[in-house]
Amino acid sequence: MSKINIYDIDKIKNINEKRVWDLLVTFYEQNEEYCTCRDCILDVAAITLNSIPPHYQVSDDLTHAIDKISDDEILKVIEEAAKRVSKFPHHL
Ligand SMILES: [Zn+2]
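What comes next concerns the included structure. Note that the structure is a prediction, hence the values are computed from the model and not measured.

## Side note on the coordination of the zinc ion
Protein-derived ligands of the zinc ion are C35 (SG), C37 (SG), C40 (SG) and H91 (ND1), with the metal-ligand distances lying across 1.9 to 2.3 Å. For the zinc ion, the 4 donor atoms in the first shell make angles of 99 to 116° at the metal, so the coordination geometry reads as tetrahedral. Of note, the zinc ion draws all its donor residues from one chain, in the sequence arrangement C-x1-C-x2-C-x50-H.

## Some remarks on the pattern of salt bridges
Following the criterion strictly, the structure yields 4 salt bridges and no others. The shortest N-O distance in the salt bridge between K13 and D60 comes to 3.1 Å. Residue K13 is located in strand β1 (residues 13-14), and its partner D60 is located in the loop between β2 (56-57) and α3 (63-68); the two are separated by 47 residues in the primary sequence. Since its relative accessible area comes to 37%, K13 is described here as partly exposed. Taking relative accessible area as the criterion, D60 reaches 58% and is therefore assigned exposed.

## Topic: the nonpolar core
Core analysis: the biggest nonpolar cluster contains 19 residues, and L24, F27, Y28, V44, I52, I74 and I78 have the highest contact counts within it. The set of elements that each furnish at least two residues to this core consists of α1 (15-30), α2 (38-51) and α4 (71-87). Look past the residues within four positions of Y28 in its chain and what remains in contact with it is Y34, C35, T36, C40, I41 and V44.

## Re the packing of aromatic side chains
Tallied over the full model, the rule gives 2 aromatic pairs. On the basis of an interplanar angle of 80° and a centroid distance of 5.3 Å, the ring pair of F27 and Y28 is categorised as edge-to-face. Neither F27 nor Y28 differs from the other in exposure class; each is buried. Here the aromatic rings of F27 and Y34 are separated by 5.5 Å at their centres, their planes lie at 35°, and the arrangement is tilted.

## Some thoughts on the packing of α1 against α4
Between α1 and α4, whose axes approach to 10 Å, the crossing angle comes to 70°. With respect to their mutual orientation, α1 and α4 come out roughly perpendicular. Between α1 and α4 the crossing geometry is right-handed. From α1, R19, V20, L23, L24 and F27 reach across to α4, where they touch D71, I74, L75, I78, E79 and A82.

## A word on the side chain of R19
Following the sequence through the fold, R19 ends up in helix α1. Among the polar contacts listed, one links the side chain of R19 to the backbone oxygen of A65, at a separation of 3.3 Å. When residues no more than four places from it in sequence are discounted, the contact partners of R19 are L62, A65, I66, I69, S70, D71 and I74.

What counts and what doesn't
Residues numbered from 1 in each chain as written. Predicted model: local features only at pLDDT ≥ 70, side-chain atom pairs only at ≥ 80, totals over all residues. Heavy atoms only, no water. Donors = N, O, S within 2.8 Å, 3.2 Å for Na, K, Ca; no water. Tetrahedral: all angles 85-135°; square planar, octahedral: opposite > 155°, others 65-115°. Salt bridge = Lys/Arg side-chain N within 4 Å of Asp/Glu carboxyl O. Helix = DSSP H or I, 4+ residues; strand = E, 2+ residues; numbered from the N terminus. Buried < 20%, exposed > 50% of the residue type's maximum accessible area, 1.4 Å probe, protein only. Core = buried A, V, L, I, M, F, W, Y, C linked by side-chain atoms within 4.5 Å. Contact = heavy atoms within 4.5 Å. Phe/Tyr/Trp six-rings, centres within 6.5 Å; stacked < 30°, edge-to-face > 60°. Axes fitted to C-alpha atoms, helices over the stretch in contact; angles between N-to-C directions. Parallel < 35°, antiparallel > 145°, perpendicular 65-115°, else oblique. Left-handed = near helix turned anticlockwise from the far one by under 90°. Polar contact = N/O pair within 3.5 Å; in protein donor to acceptor, adjacent residues only side chain to side chain.

In structure tokens:
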């Protein structure tokens, strides 16, 4: 019998998702010129997450994820995404 439990997929997560959400808060606090409506923030989050490597793991330890891409590097990607979204916003 296989010991693989398909529900264990929930136990591994891309911890860069949480990092991006936290860094979005920092970014918008420091860059008030960008629109903070829900549509724009979701677009910026999606573009950012598509642009950085995922980092899947079981624990919440950030050490290895930070080695792969730093907070400053993610903030630069967020800025590029915010510029793109502000040029072509989906909000009404
Ligand atoms: Zn907007």
